[in-house]
Amino acid sequence: MPGKCVIGLQWGDEAKGKLVDILTEGKDLVVRYQGGANAGHTVVIGDDVYKLHHIPSGILNEGVLNLITAGVVINPPTIIEEIKSLEARGIDVAARMKISGRAHVVMPWHVLEDKMWNRLVSGEDNIGTTLRGIGPCYADKIGRSFAIRIGDLIQDDFADRVRKIVEVKKRVLTAAGDEDSGSLDAEAIIAEYAKYAEALRPMVTDTNRILLDAIDDDKEILFEGAQGSLLDIDHGTFPFVTSSNSSGLGISTGSGVPGNWLTNVVGVMKTYATRVGGGPFPTEQENEHGQHIRDEGNEYGTTTGRPRRCGWFDAVAARYSARLGGVTSIAITMLDVLSKLPEIQVCVAYELDGQRIDYFPAHVNDLRRLKPIYETLPGWQQDVTGARSLDDLPVVAIEYVKSIEALVGRRVEFISVGPDRAQTITVSEGQTLESYLAARG
Ligand code: IMP
């Protein structure tokens, strides 16, 4: 049974949490494999709103085992708070979740370093991170000597390791002019993390073994991506990216399953585009169109509360992400957000140095310079939030989705018209939007 994967095709915040929640039905395991507390997944079930950062969205389903695997970076106080808030709502997290001992730990110095790096780089070079210590933690993972993994928290040499690392980190932070580095107190950190280790201990295990056994046993597995493909450290809009492989390519390394087993990938994208933080955003609308999308889509960060930058749908970027990630079908979200617009723009190609191009350039300077080429599509100007099947959608709205499908080059499987589970239209495998529209007349 091949694993099913959900990834974002833009710069994150594509409403993946909702898709994961829907696709969790019938699954044995849900796996979170990269990123950390920089992610914010919102799941709405009836009147209940759950905001998750580390914990897989499958935690809300009884009978599903949720795994946080090696590619994730974990901030212990944050994850413990998440666990407690779910437990307060009657969810037995310890019984439903396992954490890899290989996952890296975001330590207090990582947050200080993130803030320091952010201060040292100004203007349009500033990445505008979530300041959650994600980049510095992954940097230490790659650097190895100063890294701490979840499995290290319960080792006998943990205290010594913290003392040695704090000494070095303090020197580096102080040399860079950081005034907060004085707050790093090795003994206090050791005592605090001993408590975290005890709280997490019942959940820590070798998730590689669980996953590989699950594959042998033909279990149904869902992989939940965080952030979006264009934030991928290797293949995104570098350096304005996050520090993990957030495209489809990260599923295998982050979780520890072979790539040839991942043949079913749902790419999630909004009907428009957003990004948080710095970096190129070819279709950005710093005008009334962007503000309209922000207002209608409530485009403010789940993790940081920052207003998101908003713009038109970029089909060139989405096609790149879909091809890169081996996407087999698409989920289009936030159709309802565009409902009031008389006309909608879609970027179908770029102009770079007077040439029309249909690919996503690799270098940030090219991405900054290019001009989007738009096609104007008619709006439907009708509320679609009550739609539960294609029959309930205006033909013009389906035409819009069909145009996006053709531009991205992958079949649309899901259309989301609101945050609730129920506000989702599934296009069955045998059906095409074209044949549906022809039959509807
Ligand atoms: P970091 O992951 O905190 O290092 O931030 C790097 C970049 O990725 C910044 O532009 C963030 O705004 C962006 N980013 C990180 N996580 C998310 C997310 O979950 N959604 C949207 N953007 C994100």
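Higher on the page you've got the structure.
Residues numbered from 1 in each chain as written. Predicted model: local features only at pLDDT ≥ 70, side-chain atom pairs only at ≥ 80, totals over all residues. Heavy atoms only, no water.

A.B. asks: Got a minute to help me understand the nonpolar core in this structure?
C.D. replies: A general feature of soluble globular proteins is that nonpolar side chains tend to end up buried together. Core analysis: the biggest nonpolar cluster contains 57 residues, and F223, L393 and Y400 have the highest contact counts within it. Among residues more than four places away in sequence, those in contact with Y400 are T271, F313, L335, L338, I344, V346, L377 and W380. Counting 40 residues, the second-largest nonpolar core is a separate cluster that includes L52, I99, V105 and I189. (Core = buried A, V, L, I, M, F, W, Y, C linked by side-chain atoms within 4.5 Å. Buried < 20%, exposed > 50% of the residue type's maximum accessible area, 1.4 Å probe, protein only. Contact = heavy atoms within 4.5 Å.)

A.B. asks: Looking at this structure, how should I read the site of the ligand?
C.D. replies: Taken together, 15 residues surround the ligand, and among them N38, T130, T242, V276 and R306 come closest. The side chain of N38 places a nitrogen or oxygen atom 2.8 Å from an oxygen atom of the ligand. For the ligand, an oxygen atom lies 2.9 Å from a polar atom in the backbone of V276. Counted by class, the shell around the ligand contains 6 nonpolar, 7 polar and 2 charged residues. (Near = heavy atom within 4 Å. Polar contact = N/O pair within 3.5 Å; in protein donor to acceptor, adjacent residues only side chain to side chain. Nonpolar A, V, L, I, M, F, W, Y, C, P; charged D, E, K, R; others polar.)

A.B. asks: Please clarify how the sheet that holds strand β1 (residues 4–8) should be interpreted in this entry.
C.D. replies: Think of a sheet as strands paired side by side through backbone hydrogen bonds, with each pair either parallel or antiparallel. Sheet architecture is open: 10 strands sit in the order β9-β7-β5-β2-β10-β1-β11-β15-β19-β20, paired in mixed fashion. Two strands close off the open sheet at either side, each with one partner strand: β9 (204–205) and β20 (424–426). Note: strand β5 (residues 65–68) against strand β7 (residues 97–100), 3 bridges, orientation parallel. In the sheet register, L67 faces β7, and the bridge partner there is K98. In the packing of helix α1 (residues 16–23) onto the sheet, contacts are made with β1, β2 (29–32), β10 (221–224), β11 (264–270), β15 (329–333), β19 (411–416) and β20, and the angle to β1 comes to roughly 170°. Here helix α13 (residues 395–408) sits on the sheet in contact with β11, β15 and β19, set at roughly 140° to β19. (Pairing = 2+ DSSP bridges. Helix = DSSP H or I, 4+ residues; strand = E, 2+ residues; numbered from the N terminus. Axes fitted to C-alpha atoms, helices over the stretch in contact; angles between N-to-C directions.)

A.B. asks: Looking at this structure, I do not really get the environment of S122. What am I missing?
C.D. replies: With respect to the helices and strands, S122 occurs in the loop between α4 (108–120) and α5 (134–143). Taking the C-alpha atoms as reference points, S122 and A349, 227 residues apart in sequence, are found 31 Å from one another.

A.B. asks: Please clarify how the packing of α13 against helix α14 (residues 433–440) should be interpreted in this entry.
C.D. replies: Think of two packed helices as two axes; the pair is described by the angle between the axes and how far apart they sit. Taken N-terminus to C-terminus, the directions of α13 and α14 make an angle of 155°; their axes are 10 Å apart at the nearest point. One element, α13, and the other, α14, form an angle in the roughly antiparallel class. Relative to α14, the crossing made by α13 is left-handed. Contact residues: V395, I398, E399, V401, K402 and E405 in α13; L433, E434, Y436, L437 and R440 in α14. (Parallel < 35°, antiparallel > 145°, perpendicular 65-115°, else oblique. Left-handed = near helix turned anticlockwise from the far one by under 90°.)

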